[in-house]
Amino acid sequence: MKEVTETYEVKRVFNNILEDLSMPRKEDDFLFIKKANEEDEKLVDWIPNNRIEFDEKLSRYGAILFRGFKVNTVSKFEQISDLFKSETREYLFRSSPRFTVGKNVYTSTSYPKESVINMHSEASYTPYQDVQCAIFCCTNPAAVGGETPIADNRKILSFLSESTKNKFLEKGVRYKRNLRKNAGLSWEEVFQTSDKNEVEAECIRTNMDFKWEGENDLELTWNKKAIWEHPKTKELLWFNHSYFFNKFTFEKEFGSFSDISQLPYNSFYGDGTEISDVEMEEITKAYEKSTIQFSWKKGDVLFLDNLRCSHGRNAYDGKRKILASLF
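Just so you know, these numbers come straight off a predicted model, no measurement behind them. (Residues numbered from 1 in each chain as written. Predicted model: local features only at pLDDT ≥ 70, side-chain atom pairs only at ≥ 80, totals over all residues. Heavy atoms only, no water.)

A.B. asks: Can you help me understand the packing of aromatic side chains in this one?
C.D. replies: Aromatic ring pairs are defined here through the distance separating the ring centres and the angle between the ring planes. Enumeration over the complete set of coordinates arrives at 24 aromatic pairs. Judged by centre distance (5.5 Å) and plane angle (65°), the rings of Trp-46 and Phe-66 are edge-to-face. Taken together, the residues span a long stretch of sequence, with Trp-46 in helix α1 (residues 43-49) and Phe-66 in strand β2 (residues 63-67) at a distance of 20 residues. Here Phe-250 and Tyr-265 contribute two aromatic rings whose centre-to-centre distance is 5.8 Å and whose plane-to-plane angle is 80°, an arrangement assigned as edge-to-face. (Phe/Tyr/Trp six-rings, centres within 6.5 Å; stacked < 30°, edge-to-face > 60°. Helix = DSSP H or I, 4+ residues; strand = E, 2+ residues; numbered from the N terminus.)

Put into structure tokens, the structure is as follows:
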């Protein structure tokens, strides 16, 4: 792939215009911006002192960007994550490479910087209890690009045709993963164990079909709903990995694959039928219409209601460092 440089326009998930966060926000916007009032104001103090306002804004908007609070180190971000320590989640059933850098603090997905990361909600594919909130912290913005596009999952659903929406409502999604050492993540990395018996027990516990192929390869298949009701607002939401895990988006980024059955991951309707390219194009357009993006600044902290919002990553140049925590 072509290396990104200062003179090269980086690849973006969508070509939406970057938001000017100094301008007044629209009434129906799903991003609330909170700027520090004082030079030395600390976010670790502001959140507990204003917890009612914090919870209300996150529930109302779905996304909060804190700017000017200078959360610019792992230890400072760890303090923010620790405010939710009774709720923080380990990164289980992994689908992408990340590194632990603190207590329940991880690097963002370590994909090549010249590649985009398609839109998704954290762990929406997993058979576990769903992640409620994702927190991101920018300790070093990219020199070029590297934005984190965010989308309103309510709007995505509203932009889908009734026929497509009803198919996902009725059938859900079937996910398939092929875990191989030399193609994506190994089963040891995904399950965080080297014991096959533990893996099999976990698959049985979570109703995942599994099949060993040789000594080191594992095929997994499982079903999950595609459209969910938000536990607080009761709104219907597009919350799944059918777009991110599909051959359509995989081949768009990496080129055609000779044997589709051997893709690292793929998604289908819950009855096993294919999600057509026409339907995937429709989902792409729904994401695009529902997405905004802005430039990171050092010290920014972004809270996302993980059920209400999805996110991605644009390609970039420079040394980008974004931290993440889940709860």
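A.B. asks: Quick question: what am I supposed to make of the sheet that holds strand β4 (residues 105-107) here?
C.D. replies: What holds strands together in a sheet is hydrogen bonding between their backbones, with the strands either parallel or antiparallel. Pairing within the open sheet is mixed, and its seven strands lie in the order β1-β2-β16-β6-β19-β4-β3. Both outer strands of the open sheet, β1 (31-35) and β3 (100-102), are each paired with one neighbouring strand and no more. Averaged over all pairs of adjacent strands, the angle between their axes in this sheet comes to 25°, without regard to strand direction. Lying over the sheet, helix α3 (residues 74-82) contacts β3, β4, β6 (133-140), β16 (301-305) and β19 (321-326), oriented at roughly 20° with respect to β19. (Pairing = 2+ DSSP bridges. Axes fitted to C-alpha atoms, helices over the stretch in contact; angles between N-to-C directions. Contact = heavy atoms within 4.5 Å.)

A.B. asks: Quick question: what am I supposed to make of the packing of helix α8 (residues 247-254) against helix α9 (residues 277-289) here?
C.D. replies: Packed helices, taken two at a time, are described by the angle their axes make and the gap between the axes. The geometry of α8 relative to α9 is characterised by a closest axis approach of 10 Å and an angle of 75° between their N-to-C directions. Relative to α9, the element α8 lies roughly perpendicular. Two secondary-structure elements touch here, α8 through Lys-247, Phe-248, Thr-249 and Lys-252 and α9 through Asp-277, Met-280, Glu-281 and Thr-284. For the contact of α8 with α9, the residue count by class is two nonpolar, two polar and four charged. (Parallel < 35°, antiparallel > 145°, perpendicular 65-115°, else oblique. Nonpolar A, V, L, I, M, F, W, Y, C, P; charged D, E, K, R; others polar.)

A.B. asks: Before we go on, may I ask you to explain the pattern of salt bridges in this structure?
C.D. replies: Should the charged atoms of two oppositely charged side chains come close, the side chains can pair. For the structure on display, the rule yields 21 salt bridges. Among the salt bridges present, the one from Glu-56 reaches Lys-57, with a minimum N-O distance of 3.4 Å. With a closest N to O distance of 3.1 Å, Lys-171 and Asp-271 form a salt bridge. Taken as a pair, Lys-171 in helix α5 (residues 162-171) and Asp-271 in the loop between β14 (265-269) and α9 lie far apart in primary sequence, 100 residues in all. Look at Lys-171 and you get partly exposed, because its relative accessible area is 30%. Overlapping salt bridges bring together Glu-19, Arg-25 and Asp-29 as one network. (Salt bridge = Lys/Arg side-chain N within 4 Å of Asp/Glu carboxyl O. Buried < 20%, exposed > 50% of the residue type's maximum accessible area, 1.4 Å probe, protein only.)

A.B. asks: Is there a simple way to explain empty space enclosed by the protein in this structure?
C.D. replies: Gaps left between atoms are located by rolling a probe of water-molecule size over the structure's atoms. With the rule as written, the count across this model stands at five cavities of 30 Å³ or more. Along its surface, the largest cavity is lined by 13 residues, and Ser-108, Phe-136, His-311, Gly-312 and Arg-313 are the ones closest to its centre. Mapped onto the lining of the largest cavity, the elements with two or more residues apiece are β5 (117-120) and β17 (309-313). In terms of residues, the lining of the largest cavity owes the most to one element, β17, which gives three residues. For the lining of the largest cavity, a count of residues per class yields three nonpolar, six polar and four charged. (1 Å grid on protein atoms, 1.4 Å probe; cavity = no way out; pocket = protein on both sides within 12 Å on 5 of 7 lines; lining within 4 Å. Points joined across faces, edges and corners; volume = space filled by probe spheres on them.)

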